[in-house]
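Working through the structure, step by step
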Amino acid sequence: MTILTADLVPSSRRFDRRWSIPVVLVAWWLVWRFGFGTHNLPNGGPTFIQDWFLRIRNAADAGRDSSPLFIYFFNPIAKTTGSVISSMMSLTTNLGWTGITGIASAISLWVAGWRHGLLTAVGFISFGVLGLEAESMQTLVQIIVAVFLSLLIGIPLGVWAGVSNGFSRVVTPVLDIMQILPTFAYLPLITLFFLIGPASGTIATMIYAIPPAIRLTAAGIREVSTATVEASESLGATKWQRLTDVQLPMAKRTIVLGVNQTMMAALSMITIAALIAAPGLGASVISALIKLDVGAAFNAGLAIVCMAIVFDRVTTAASVRTERASRAGGAASQRTRLLRYGAGIGLIALGVILPGINRSLATFPDRWVHGTRNPVNSVANWTQLHWYGATSWLTTTVTHWLIDPLQSLLSNTPWPVVVLGLALLAYFVGGLRPAIVTAGCLMGAILMGLWPSSMTTLASVLIGALFTMIIGIGFGVWLGRSRMADQLIRPILDAGQVMPPFVYLVPCLALFGATRFTGIVAALVYASPAVIKIVAEGIRSVPANTTESAISSGSNSWQTIVKVQLPMARGMLLVALNQGIIFVLAMVVVGGLVGAGGLGFDVVNGFAQSVFAGTGLAAGLAIVFLGIMLDRITQSAGRSRRTTD
Amino acid sequence: MNVEPEPAISVRGLWKVFGPHPERIVGSPEAELSRADLREQTGCTAAVRDVNFDVAPGEVFVVMGLSGSGKSTLVRCLTRLVEPTAGQITFEGEDIVAADQARLRELRRHRFSMVFQHFGLLPHRKVIDNVAYGLEVRGMNKADRHARAHEVVELVGLQGYEQAYPDQLSGGMQQRVGLARALAVDPDLLFFDEPFSALDPLIRRGMQDEVLRLHHEVKKTMIFITHDLSEALKLGDRILIMRDGAAVQLGRPDELVGAPADDYVADFTRDVPKSHVLTLRWIARPPVVGEPLDGPELPATTIIRDAIRDVMHATAPVKVMSNGQLLGLVDHEDVLRVIAGEPQPVSV
Ligand SMILES: Nc1ncnc2c1ncn2[C@@H]1O[C@H](COP(=O)(O)OP(=O)(O)OP(=O)(O)O)[C@@H](O)[C@H]1O
Ligand SMILES: [Mg+2]
């Protein structure tokens, strides 16, 4: 009997699911068709919740100099961070570009070797060549401060999470949330407490940069082989001895990798931090984007990329070297090490003394400046002129046939039907819990008074995710099946992941103008590398003998892919979808900056005009709601599919 | 009968249950369930169930059993690397279960040490510093601990490799480092958790000889875990066989082979060449009427293999003697039956 029912239940549920999703969609379409335009929520003026946020904002402004919370907590943090940044800024001006380049190259030489020392020198000189010496130094200072503080907080917390299961259980979900939220979303909240300015920028950066430091430190500590930990324990080591003699030294490599990830996270935040008035390269990108000056944006983006490459290469090399470095024995290596230290000190001395000899050497010589703004602008103009037909055709086609209909379906159907429909879809995909979360999150967006903006953003995210999955699966299958393709494409993907997201906006803007489509394409470019990698990983993890047996029973390549490899990689495909959708959301809201509208625009507008500060805060929250909703649905899809297998 | 010396370590009613609320299992009816049923009903795994034994000073005590039978857990309970759920452990009269952390550290630093299957060496330290680590933990100064480490490195035959890093050594050499590290603190009790199972057979045999040699030289009490029966028979004064966490049989090697307690033990010992393990005691029989009683005498503790030549060359049945008394006779037939009754020895 039990066997019979056990057999019946899943099959009837499977039947349900197969038909239920199309049924919901058709019903929704019918309601849209006949109930068009009724019961829509307006994008009207500030609602009560936005008013309320505005009042909080005003109260915070009023209390900034009287409330103890501000006087003793927020203000000191902002002030200390601010003054550290400004004193370091003046230090960099005093050292001049030669001093900074000398110091940076010397440090790279010490931690990563000759080649990387040279790379650093070239990278730092390139800032001047691009004509962005001052901006680069501002960015550099902010990155250093943010990374230093992030590590100062993140590494001890990571150690704690590595040795204590209890703390790890508490901190992991917090880190998960911190990483799925688009950074954009919490900017308004940060400015509420710390006002706009460099300090806020640093704190926003830290929120994004601390999680990798904690995660990787904890992972490194946990990876240490239990055999070694046990051995030290069996010899009577105290907890502290165990930590300092065994766990930290053996986790060193992973911790340095954490430094690398923290640095990359901080770098990817510089443009976003610029939205709340953090100066530097990010600000150059933003102001150029707003003026639609593709060349200037590209020039600043290039400087960011140079900085990212230097940081990434040097810290990666440092992480690889940490193991070898501690054990360099023998007279010969002793000598080369001395030489390295000597050369480094020489570089610093030279760099610092030069401006002392002649003050004019402190500033980067004008005749060496060769910015890329004008050439890029002429290329952009040429492209716009000659490709205009193709790009505008693409833009209008996708907009007309995909974006507009979906957006209309989402925002012109009576809103209760939309909430019900999405909740039902969530239910059939993932079960009851994601359905409840979906309904709750949508109600949240309504409460924020930002229903139309939310639906605009959601439509873009869905379409972006669709394109991303098509491209991700196409390339992922190719990479997963062909070693050659993998070797060819993977370096490009790696490089793509190092670049700060805003940089992608620049060429997209040049090609497609300030439209929603631009935001989608930028999101596609931003999210694809991760998705392709995960899909390729899934394809590769299909056991070779399964594939071989399919081939030996006469399947052609297409059948092998569609009937064997993709179904078996389904778990990974769903992970890819989840990651892809989170990445797309992060970028689509950024697209609000260049005419994609939606919640991103509301956030930015909130910084720009103080009367809209309440709307900005509400939009940040609405992004959070969308993020949680999309994350829960895609995650539960993975889970429920697996349990019914 | 001579008086039994005080055991080095004594274990009574030892339990280790993994899972939620393990303490409720011990003493409840659920404790009687099989391991699989217990797991299904309570989510708990009884890794060690109600184990009792004494280890005499200077003895090599071997614990054997299939993978998952609870050997590692048992030995870790003895030094409280794993907290026992119930039971008593007494080391030289001291209650180990009641010891606080400070006392435990003291014991681990000076009285116990352990050699691990996967070595557990510190990859970022040279051989000499790995060997000296136990002394460093105690707070010994560098010169003294290095001097001591050099002695031990020599004892295990690693001189010349003091400045190497572990990953520059072969598996066998790495385990010698593990051994040296354990010996450096001059412990009274050495624990070995399958120390040689990651090594290939030739090196393994060399290391076993090494342990036997060390045992004769330094006379330490050793508790040795293995799942290799030939290793157990070679090293062990006594062997404890475990299954699903419980002790199945405890005895000398010839007792296990000659009188296995159940099919599980018999299965274990099936492939052992009996003549290599059993003593004459096991095959001595009462004289048949009229049999000549003027054959040579051999002690009852002689391994059959070592007696073959004498028995075959003797013109009359060999007299098996124990404490000056005749235990029985052994003739050609008896010996041949033992040899013929066994399967071909498995070649390694
Ligand atoms: N930390 C733990 N948590 C839960 N169960 C454990 C834990 N450690 C061991 N066990 C369980 O206890 C049982 C005994 O494990 P143990 O490692 O002692 O076996 P073993 O005899 O040493 O096996 P092997 O020969 O494979 O080393 C196993 O069923 C194992 O799953
Ligand atoms: Mg074990």
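Residues numbered from 1 in each chain as written. Chains lettered and ligands numbered in written order. Predicted model: local features only at pLDDT ≥ 70, side-chain atom pairs only at ≥ 80, totals over all residues. Heavy atoms only, no water.

Turning to the overall build of chain A, a few remarks are in order. Counting secondary structure elements, chain A contains 27 helices and 0 strands. For chain A, the spread of C-alpha atoms along the principal axes amounts to about 80 × 60 × 60 Å. Counting only residues that meet the buried cut, chain A has 52% of its 645 residues in that class. Contacts in chain A between residues at least 24 apart in sequence constitute 82% of all its contacts with a sequence separation of at least 6. Accessible area for chain A stands at about 29,700 Å²; split by element, carbon and sulfur atoms hold 69% of it. Taking the average place of the 41 positive charges on the side chains of chain A and the average place of its 24 negative ones, the gap between the two points comes to 4 Å. (Helix = DSSP H or I, 4+ residues; strand = E, 2+ residues; numbered from the N terminus. Buried < 20%, exposed > 50% of the residue type's maximum accessible area, 1.4 Å probe, protein only. Contact = heavy atoms within 4.5 Å. Areas by Shrake-Rupley, 256 points an atom, 1.4 Å probe, with all protein chains shown as cover. Lys, Arg positive; Asp, Glu negative; His and termini not counted. Charge placed at Lys NZ, Arg CZ, Asp CG, Glu CD.)

With that settled, the discussion passes to the site of ligand 1. Residue and element names in this part refer to chain B. Taken together, 13 residues lie around ligand 1, and Ser67, Gly68, Lys71, Ser72 and Thr73 are the ones closest in. In the model, an oxygen atom of ligand 1 is placed 2.6 Å from a nitrogen or oxygen of the Ser72 side chain. Taking 630 Å² as the accessible area of ligand 1 by itself, protein coverage stands at 61%. Among the secondary structure elements, those contributing two or more residues to the shell around ligand 1 are β2 (45-55) and α2 (71-78). Ranked by the residues each element gives to the shell around ligand 1, the list is headed by α2, at 3 residues. In terms of residue class, the shell around ligand 1 is built from 3 nonpolar, 7 polar and 3 charged. (Near = heavy atom within 4 Å. Polar contact = N/O pair within 3.5 Å; in protein donor to acceptor, adjacent residues only side chain to side chain. Nonpolar A, V, L, I, M, F, W, Y, C, P; charged D, E, K, R; others polar.)

Glancing now at the domain arrangement of chain A. Residues and elements named next belong to chain A. For chain A, the domain assignment lists domain 1 (13-42 + 374-644) and domain 2 (53-364). Once you take the C-alpha centre of each, domain 1 and domain 2 turn out to be 31 Å apart. Across the contact, 39 residues belong to domain 1 and 33 residues belong to domain 2. When the two sides are added together, the surface that domain 1 and domain 2 hide from each other amounts to roughly 3,100 Å², 87% of it contributed by carbon and sulfur. Summed over the three residues of domain 1 that lose the most area to domain 2, namely Phe502, Phe607 and Leu617, the buried surface amounts to 22% of that side. In this structure, the connection of domain 1 to domain 2 is made through 2 residue pairs in polar contact (both at pLDDT 80 or more). When residues of the side of domain 1 that touches domain 2 are traced back to their parent elements, those giving at least two are α15 (373-386), α21 (502-512), α25 (570-590), α26 (598-608) and α27 (613-644). If you tally residues by element for the side of domain 1 that touches domain 2, the top one is α27, at 12 residues. Of the residues belonging to the side of domain 1 that touches domain 2, the class tally is 31 nonpolar, 7 polar and 1 charged. (Domains from an automatic or database assignment. Buried area = accessible area lost by both parts, 1.4 Å probe.)

Residues and elements named next belong to chain A. By the element assignment, Leu479 lies in helix α19 (residues 451-481). Residue classification places Leu479 among the buried residues on the basis of a relative accessible area of 1%. Separated by 56 residues in sequence, Leu479 and Val535 place their C-alpha atoms 8.7 Å apart. Residue contacts for Leu479: discarding those within four places in its chain leaves Ala485, Asp486, Ile489, Leu493, Ile532, Ala536 and Arg540.

Another point: a nonpolar patch on the surface. All names here are of chain A. Taken together, the side chains of Leu466, Ile470, Ile471, Phe475 and Trp478 present a nonpolar region at the surface, about 460 Å² in accessible area. Topologically, Ile470 is positioned in helix α19. By relative accessible area, which is 54% here, Ile470 ends up exposed. (Patch = residues over 30% accessible without salt bridge, like charges linked within 9 Å, V, L, I, M, F, W, Y side chains within 5 Å. Salt bridge = Lys/Arg side-chain N within 4 Å of Asp/Glu carboxyl O.)

Our next topic: the packing of helix α3 (residues 68-112) of chain A against helix α8 (residues 198-223) of chain A. All names here are of chain A. Close contact between α3 and α8 brings their axes to 8 Å; oriented N to C, the two are set at 100 degrees. In terms of their interaxial angle, α3 and α8 are classed as roughly perpendicular. Seen from α3, the contacting residues are Ile77, Ala78, Thr81, Gly82 and Ile85; seen from α8, they are Pro198, Ala199, Thr202 and Ile203. (Axes fitted to C-alpha atoms, helices over the stretch in contact; angles between N-to-C directions. Parallel < 35°, antiparallel > 145°, perpendicular 65-115°, else oblique.)

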